[in-house]
Amino acid sequence: MTLDRLDDPDQPAYGMGQAAELLGVTAAFLRSLDSAGLVSPARSEGGHRRYSRNHLARVVALRELTDNGHTLASAAKILDLRADLADERARHAATTEERDRARRERDTALDERDTARRQRDSARHDHRDESRG
């Protein structure tokens, strides 16, 4: 096992008993989330559920929403919508950065063009002066 996997929030590192104990829920609650397709933990070679930190965070969020009166189905939909919103915000930020970079490149190119035009015009003016004198 490499140390990088210790930092991976998707690494399935917790058995059902550990996960239930850490979260203060029952194993039956975790099984019900799996059966409903709301949390899909990895399986060990022996078929045992293995939860990652991301799975645990999702269980906590589901539990908080159900404790606040949401059904499991609506809680899952809320989490899915939150994830979609986060993805869209990230995509928007990346697009905004790309637009800003393109504008900076355009402005630099325009400045270079204007400098080249001024140099050309100055050279033409100097050439005319030399031709007259």
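Residues numbered from 1 in each chain as written. Predicted model: local features only at pLDDT ≥ 70, side-chain atom pairs only at ≥ 80, totals over all residues. Heavy atoms only, no water.

Looking now at helix 2 (residues 16–23). All of the buried residues in helix 2 are M16, A19 and A20. Considered in projection along helix 2, the buried side chains sweep an arc of 95° and stay on one side of the axis. The exposed residues of helix 2 that point more than 90 degrees off its buried face are G17, E21 and L22. Where helix 2 is buried, its residues touch strand 1 (14–15), helix 3 (27–35), strand 3 (49–51) and helix 4 (53–67). One or two positions beyond helix 2, positive phi appears at G24, with a value near 70°. (Buried < 20%, exposed > 50% of the residue type's maximum accessible area, 1.4 Å probe, protein only. Helix = DSSP H or I, 4+ residues; strand = E, 2+ residues; numbered from the N terminus. Arc of directions from axis to C-beta. Contact = heavy atoms within 4.5 Å.)

Packing of helix 4 against helix 5 (residues 72–132) leaves a shortest axis separation of 9 Å and a crossing angle of 125°. Considered as vectors, helix 4 and helix 5 are oriented oblique to each other. Handedness of the crossing formed by helix 4 with helix 5: right-handed. Packed against helix 4, whose contacting residues are R58, A61, L62, L65 and T66, the element helix 5 presents L72, A75, A76, I78, L79, D80 and R82 at the interface. Partitioning the contact of helix 4 with helix 5 into residue classes produces eight nonpolar, one polar and three charged. (Axes fitted to C-alpha atoms, helices over the stretch in contact; angles between N-to-C directions. Parallel < 35°, antiparallel > 145°, perpendicular 65-115°, else oblique. Left-handed = near helix turned anticlockwise from the far one by under 90°. Nonpolar A, V, L, I, M, F, W, Y, C, P; charged D, E, K, R; others polar.)

The subject of this paragraph is a negative patch on the surface. Side chains of D4, D7, D8 and D10 sit close together on the surface and give a patch of like negative charge. Structurally, D8 is set in the loop between helix 1 (4–7) and strand 1. D8 gets classed as partly exposed once you look at its relative accessible area, which sits at 31%. (Patch = residues over 30% accessible without salt bridge, like charges linked within 9 Å, V, L, I, M, F, W, Y side chains within 5 Å. Areas by Shrake-Rupley, 256 points an atom, 1.4 Å probe, with all protein chains shown as cover. Salt bridge = Lys/Arg side-chain N within 4 Å of Asp/Glu carboxyl O. Lys, Arg positive; Asp, Glu negative; His and termini not counted. Charge placed at Lys NZ, Arg CZ, Asp CG, Glu CD.)

This part is about the environment of D107. Within the secondary structure, D107 is located in helix 5. By relative accessible area, D107 is classed as partly exposed at 35%. Separated by 15 residues in the primary sequence, D107 and H92 have C-alpha atoms spaced 22 Å apart.

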